Amino acid sequence: MDAIFKGIFDNELTQVIEVGDFLLCLGVSLVLGLIMALAYMFKNEHTKSFLVTLALLPAVVCVVIMMVNGNIGAGVAVAGAFSLVRFRSAPGSAKEIVTIFLAMGAGLIAGMGYLGFAALFTVIMCAMFLLYNALAGNVRSEAVNKTIKITIPEDLDYTGAFDDIFAEYTGKNELVKVKTTNMGSMFRLTYNVTLKDATKEKQMIDRIRERNGNLEIMVSKQENRTAEL
């Protein structure tokens, strides 16, 4: 049975990993990945694919580190392979990126055989992740940070056209894009704003409608906040 798990390049100078130790490290890594995935699910927007990746990544890193087994050249090659994964994937939020690094760190510690340290690292980092996430107040932040798209006729000078309204209802506002529309007969202005009071959003929209001739107005979550670091 042991011959099945013996490498063809193993010799007296190579440290052989026992099957029991391999399964123990792999099992612990899978449990740690599951803990991290559950912690990330708590009050966070998530996709099924990201949760599966987060749950399996510590085990993958653990196995790779065990197979490297002290070989410096192989370790450098593995580091280069992991760096390629980042450039071939879609950009994520800062929270997603740091969670991926936490999963890789737990897998690295487990792959080196320090299972107790890996479990301690996972528990502490997940606890701090939940604590900081609760203190950050994400729900309120998303409620007051908005992107507003306003359509105006071409004869309305958009420079400062809504400054008095934004001064009343927002704590911060910025014109980030101006685009012509409807064969150049209209302009579409895009603002990033921070509302003083989210409950007065409709009042602000009504004031803007009076100013832009009741043309189209769209309010959404601030677009550049979902992917920024």
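It should be noted that the structure appears before, not after, this text.
Residues numbered from 1 in each chain as written. Predicted model: local features only at pLDDT ≥ 70, side-chain atom pairs only at ≥ 80, totals over all residues. Heavy atoms only, no water.

### Describing the pattern of salt bridges
Applying the stated rule across the entire model yields six salt bridges. Two residues, Lys146 and Glu201, come together in a salt bridge whose shortest N-O distance is 4.0 Å. Of the two residues, Lys146 is situated in strand β1 (residues 145-153) and Glu201 in helix α8 (residues 201-211); the sequence distance between them amounts to 55 residues. Residue class for Glu201 comes out partly exposed when judged on its relative accessible area of 22%. Across the pair Arg207 and Glu168 runs a salt bridge whose closest N-O atoms are separated by 2.8 Å. Here Arg207 is found in helix α8, whereas its partner Glu168 is found in helix α7 (residues 163-169), with 39 residues between them in sequence. Residue class for Arg207 comes out partly exposed when judged on its relative accessible area of 25%. For Glu168, a relative accessible area of 43% corresponds to the partly exposed category. A network of salt bridges, in which partner residues are shared, links Lys202, Asp206 and Arg209. (Salt bridge = Lys/Arg side-chain N within 4 Å of Asp/Glu carboxyl O. Helix = DSSP H or I, 4+ residues; strand = E, 2+ residues; numbered from the N terminus. Buried < 20%, exposed > 50% of the residue type's maximum accessible area, 1.4 Å probe, protein only.)

### Points about unusual backbone geometry
One non-glycine residue, Met183, lies in the positive phi region at around 60°. Note that Met183 resides in the loop between β2 (170-181) and β3 (186-195). Looking at Met183, the relative accessible area reads 86%, which means it is exposed. Unusually for a residue other than glycine, Asn214 sits at a positive phi of about 60°. Within the secondary structure, Asn214 sits in the loop between α8 and β4 (217-221).

### Structural notes on the side chain of Thr147
Secondary-structure assignment places Thr147 in strand β1. Relative accessible area serves as the criterion here: at 1%, Thr147 is assigned to the buried category. Looking at Thr147, its side chain comes within polar contact range of the side chain of Asn192, at 3.0 Å. (Polar contact = N/O pair within 3.5 Å; in protein donor to acceptor, adjacent residues only side chain to side chain.)

### A few points about helix α4 (residues 94-111)
At 3.6 residues per turn, the α-helix brings residues three or four places apart onto the same side. In this model, α4 (18 residues) spans 26 Å end to end at C-alpha, consistent with the 26 Å of a helix rising 1.5 Å per residue. Listing the buried residues of α4 in full gives Thr99, Leu102, Ala103, Gly105, Ala106, Gly107, Ala110 and Gly111. Taken from the residues just after α4, Gly113 is the one with a positive phi, measuring 100°. (Expected span 1.5 Å × (residues − 1).)

### Some details on the sheet that holds β2
Pairing within the open sheet is antiparallel, and its four strands lie in the order β2-β3-β1-β4. With one partner strand each, in any of the chains shown, β2 and β4 form the two edges of the open sheet. The sheet shows a mean angle of 20° between the axes of neighbouring strands, taken without regard to direction. Sheet topology places β1 next to β3; nine bridges connect them, and they run antiparallel. (Pairing = 2+ DSSP bridges. Axes fitted to C-alpha atoms, helices over the stretch in contact; angles between N-to-C directions.)

### Some points on the packing of helix α2 (residues 48-68) against α4
Each packed pair of helices is defined by two parameters, the angle between the axes and the distance between the axes. One way to put it is that α2 packs onto α4 with a least axis distance of 7 Å and a crossing angle of 35°. Seen from above, α2 lies across α4 with right-handed handedness. Facing Phe50, Thr53, Leu54, Leu57, Pro58, Val61, Cys62, Ile65 and Met66 of α2, the residues of α4 in contact are Glu96, Thr99, Ile100, Ala103, Met104, Gly107, Leu108, Ala110 and Gly111. Split into classes, the residues belonging to the contact of α2 with α4 amount to 13 nonpolar, four polar and one charged. (Left-handed = near helix turned anticlockwise from the far one by under 90°. Contact = heavy atoms within 4.5 Å. Nonpolar A, V, L, I, M, F, W, Y, C, P; charged D, E, K, R; others polar.)

### Here we look at the nonpolar core
Of all hydrophobic cores here, the largest spans 22 residues; its most connected members are Cys25, Met36, Tyr40, Leu54, Cys62, Ala103 and Ala110. Elements with a minimum of two residues in this core: α1 (19-41), α2, α4 and α5 (115-136). Ranked by residues supplied to this core, first place goes to α2 with eight residues. Sequence-distant contacts of Ala103, defined by excluding residues within four places in its chain, comprise Met36, Leu54, Leu57 and Pro58. By size, the runner-up hydrophobic cluster in this structure holds 16 residues, among which are Ile150, Leu189, Leu195 and Met204. (Core = buried A, V, L, I, M, F, W, Y, C linked by side-chain atoms within 4.5 Å.)

### Let's talk about the state of the cysteines
Applying the stated criterion across every chain yields a total of zero disulfides. The cysteine Cys62 is free of any disulfide, with Cys25 supplying the nearest cysteine sulfur at 5.0 Å. (Disulfide = S-S within 2.5 Å.)

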